[in-house]
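Summary of structural features
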Amino acid sequence: MITGVDGRTAIVGGSSSGLGYAVAELLARSGARVMVVSRSEERVAKAVESIRSAGGASVEGCAADFTEEGAPAAVVAATRDAFGPPEIIVTNSGGPPGMPAVDAKAEDLTAACELLLLPVQRFAELTLPAMRSSGWGRFVAITSIAVREPLQGLVLSNAVRAAVTGYLKSISDEVAADGVTVNSVCPGFTATDRLGVLASNVAERDGVTVDDVFAGWVETAPVKRLLRPEEVAAAVGFLCSEGASGITGVALPVDGGLGRSLI
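An account of the accompanying structure is given in this report. (Residues numbered from 1 in each chain as written. Predicted model: local features only at pLDDT ≥ 70, side-chain atom pairs only at ≥ 80, totals over all residues. Heavy atoms only, no water.)

1. Regarding the pattern of salt bridges
According to the stated counting rule, one finds 8 salt bridges in the structure shown. A salt bridge links E87 to R8; the shortest N-O distance between them is 2.9 Å. Here R8 lies in the segment before β1 (9–12) and E87 lies in the loop between α3 (71–82) and β4 (88–91), a separation of 79 residues in the sequence. On the basis of relative accessibility, which here comes to 22%, the residue R8 falls in the partly exposed class. For R132, the salt bridge is made with D178, and the minimal N-O distance between the two is 2.6 Å. Of the two residues, R132 sits in helix α4 (residues 106–134) while D178 sits in the loop between α5 (155–175) and β6 (180–187), which places them 46 residues apart along the sequence. In the salt-bridge network here, residues are joined through shared partners; they are R225, R228 and E231. (Salt bridge = Lys/Arg side-chain N within 4 Å of Asp/Glu carboxyl O. Helix = DSSP H or I, 4+ residues; strand = E, 2+ residues; numbered from the N terminus. Buried < 20%, exposed > 50% of the residue type's maximum accessible area, 1.4 Å probe, protein only.)

2. Notes on the pairing of β4
Every second residue of β4 is oriented toward a common face, with I88 and V90 on one face and I89 and T91 on the other, all of them buried. Sheet topology note: the β1/β4 ladder contains 3 bridges and is parallel. Its bridge partner lying in β4, I11 is registered against I89. Strand direction decides the pairing type here: β4 and strand β5 (residues 137–142), joined by 4 bridges, are parallel. Along β5, the bridge assignment pairs I88 with R138. (Pairing = 2+ DSSP bridges.)

3. Describing the sheet that holds strand β7 (residues 251–254)
Sheet strands associate in pairs through backbone hydrogen bonding, adopting either a parallel or an antiparallel arrangement. Pairing in this open sheet of 7 strands is parallel, and the strands run β3-β2-β1-β4-β5-β6-β7 from one edge to the other. Looking at the sheet topology across the chains shown, the edges are occupied by β3 (59–63) and β7. Direction aside, neighbouring strands of the sheet carry axes that sit 20° apart on average. Judged from the 6 bridges that link them, β5 and β6 form a sheet pairing that is parallel. Paired with R138 across the strands is T181, a residue of β6. (Axes fitted to C-alpha atoms, helices over the stretch in contact; angles between N-to-C directions.)

4. Here's the deal with the environment of F214
Position of F214 relative to the elements: it lies in helix α7 (residues 210–220). Using a relative accessible area of 22% as the deciding quantity, one classes F214 as partly exposed. As a C-alpha pair, F214 and C240 span 26 residues in sequence and 31 Å in three-dimensional space. Those residues in contact with F214, other than ones at most four positions away along the chain, are L195, G196, A199 and L226. (Contact = heavy atoms within 4.5 Å.)

5. Overview of the state of the cysteines
In total, this model carries 0 disulfides according to the counting rule given. This cysteine, C113, is not joined by any disulfide, and C186 carries the nearest cysteine sulfur, 18 Å off. A disulfide-free cysteine, C240 has its sulfur positioned 15 Å from the sulfur of C186, the nearest such atom. (Disulfide = S-S within 2.5 Å.)

6. Quick look at unusual backbone geometry
Located in the positive-phi region is K224, a residue other than glycine, with phi close to 60°. Along the chain, the position of K224 falls in the loop between α7 and α8 (229–240). For K224, a relative accessible area of 44% gives the class partly exposed.

7. Digging into the side chain of S157
Tracing the chain through its elements places S157 in helix α5. Polar side-chain contacts of S157 include one of 2.9 Å to the side chain of R161. (Polar contact = N/O pair within 3.5 Å; in protein donor to acceptor, adjacent residues only side chain to side chain.)

Here it is in structure tokens:
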């Protein structure tokens, strides 16, 4: 449970499974009114029912593909109709395909921007004005440890998630005086379906087994295990809380100690 979100209205992207689901469930159990968003209507419906069963009373769902230009506006409109103006935005999506930097084409970077960067900008444009007018708001993007230390074979994620971080840092400076915080959370190797896909790609590239890839990731992290989605969600929830009102413009690593920089 987190404090200060009871009765607040939240939109959580990619929340039918994985990290997004864990965030949506935590916010809902803490009293927030949550709009669950994912591309599949069926998966959205299942997630909504599951969160309600876990104690989230005010939960609705909306199917949307954030790579489509009008999708964020449709989600914001559906949320306003269901609960009122969004006060908490958590952006989250799957990552772009892995590839070496030398193989990346202009169209690959364009597609990665449409997946990772443009939805963040669109949600900010749609929701920050009302947050600023009300004097309270939380905007959190789930990104990746790749914004601190680029990962081999993930040039699109390395480049575009870093752009998201720079954009959010710029926005945070401009809205802080209005009671709105803007932050990101940078997960390390977390036990999600997406990590399984990455492990398969790395195994094929390096000629090893998927188990070998997972073992290598576990050995690299000081905690010697994969993170749980709930651990990442706890960090997102804290940044959405009233207690985090003095924290803005940060990219918070939740990586089991994987990052080796001092700050």
